[in-house]
Amino acid sequence: QVQLVESGGGSVQAGGSLRLSCAASGLTTSSACMAWFRQAPGKEREGVAAIYTGGGNTYYADSVRGRFTISHDNAKNTVYLQIDSLKPEDTEMYYCAAVSRFACRSWWHQWSGYYYWGQGTQVTVSA
């Protein structure tokens, strides 16, 4: 059984930083697309960042490029999202997603492309 477990969320002041973690079990992530999505009440689910673990290719939404960094530790089967310069607009529930594929460049931001999902971790940013 595949499980994705997120951690690292919390409440921080604007301008602060957080590092989210997503630990995968029951899934080999050495050749997979792993991504972070976020969603706030009344808004659509938004793809934030993704990584192809086989080659290290990374992809980012325009809204977070330059502030968010995605990375993967193959030995630990864990994907990370480093978030810097947090803004109140970043206050959302963040979800980890994964799928075993060998490419994700053209579709990484589409939630329907991912098969496995975590339960989410809340990020709250105060002004």
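So, how was this worked out
Residues numbered from 1 in each chain as written. Predicted model: local features only at pLDDT ≥ 70, side-chain atom pairs only at ≥ 80, totals over all residues. Heavy atoms only, no water. Core = buried A, V, L, I, M, F, W, Y, C linked by side-chain atoms within 4.5 Å. Buried < 20%, exposed > 50% of the residue type's maximum accessible area, 1.4 Å probe, protein only. Helix = DSSP H or I, 4+ residues; strand = E, 2+ residues; numbered from the N terminus. Contact = heavy atoms within 4.5 Å. Pairing = 2+ DSSP bridges. Salt bridge = Lys/Arg side-chain N within 4 Å of Asp/Glu carboxyl O. Axes fitted to C-alpha atoms, helices over the stretch in contact; angles between N-to-C directions. Phe/Tyr/Trp six-rings, centres within 6.5 Å; stacked < 30°, edge-to-face > 60°. Lys NZ or Arg CZ within 6 Å of the ring centre and 35° of its normal.

A word on the nonpolar core
Core analysis: the biggest nonpolar cluster contains 39 residues, and Met 34, Trp 36, Ile 70, Val 79, Leu 81, Tyr 94 and Tyr 114 have the highest contact counts within it. Looking at this core, the elements that each hand over two or more residues are strand E3 (18–25), strand E4 (33–39), strand E5 (46–52), strand E6 (57–60), strand E7 (68–73), strand E8 (78–83), strand E9 (92–99) and strand E11 (121–126). Other than its neighbours up to four places away in sequence, Met 34 contacts Ala 24, Thr 29, Ala 49, Ala 50, Ile 51, Thr 53, Ile 70, His 72, Val 79, Cys 96, Ala 97 and Ala 98.

Overview of the pairing of E3
Note that strand E1 (residues 3–7) and E3 share 5 bridges and pair antiparallel. When the bridges of E3 are listed, Ser 7 appears paired with Ser 21. Note: E3 against E8, 6 bridges, orientation antiparallel. Its bridge partner lying in E8, Ala 23 is registered against Thr 78.

Here's the deal with the pattern of salt bridges
Counted under the stated rule, the structure contains 5 salt bridges. Among the ionic pairs, Arg 38 bridges to Asp 90, the shortest N-O distance being 2.9 Å. You can see Arg 38 sitting in strand E4 and its partner Asp 90 sitting in the loop between E8 and E9, a full 52 residues away along the chain. With respect to burial, Arg 38 and Asp 90 carry one shared label: buried. The shortest N-O distance in the salt bridge between Asp 90 and Arg 67 comes to 2.8 Å.

As for the environment of Gln 110
Along the polypeptide, Gln 110 turns up in the loop between E9 and strand E10 (116–117). Assessed through its relative accessible area of 39%, Gln 110 is described here as partly exposed. Sequence-wise, Gln 110 and Leu 18 are 92 residues apart; in three dimensions their C-alpha atoms are separated by 24 Å.

What to know about unusual backbone geometry
One non-glycine residue with positive phi stands out, namely Asn 77, at about 50°. Of note, Asn 77 is situated in the loop between E7 and E8. Unlike most non-glycine residues, Ser 85 shows phi in positive territory, near 50°. Relative to the elements of secondary structure, Ser 85 occurs in the loop between E8 and E9. According to the relative accessible area criterion, Ser 85 is partly exposed, its value standing at 41%.

Comments concerning the sheet that holds E3
With antiparallel pairing, the 4 strands of this open sheet are ordered in space as E1-E3-E8-E7. Unpaired on one side and paired on the other, E1 and E7 mark the two borders of the sheet. Across the sheet, the axes of successive neighbouring strands diverge by a mean angle of 15°, strand direction being ignored. Across 6 bridges, the pairing between E7 and E8 is antiparallel. By the bridge assignment, Asp 73 is partnered in E8 with Thr 78.

Remarks on the packing of aromatic side chains
One pass over the full model with this rule turns up 6 aromatic pairs. Here Phe 37 and Tyr 114 contribute two aromatic rings whose centre-to-centre distance is 5.5 Å and whose plane-to-plane angle is 75°, an arrangement assigned as edge-to-face. In this pair, Phe 37 sits in strand E4 while Tyr 114 sits in the loop between E9 and E10, placing the two residues 77 residues apart along the sequence. For the ring pair Tyr 114 and Trp 117, a centre distance of 6.3 Å and an interplane angle of 75° mean the geometry is edge-to-face. For Arg 45, the ring lying beneath its charged end belongs to Trp 111, and the centroid distance is 4.7 Å.

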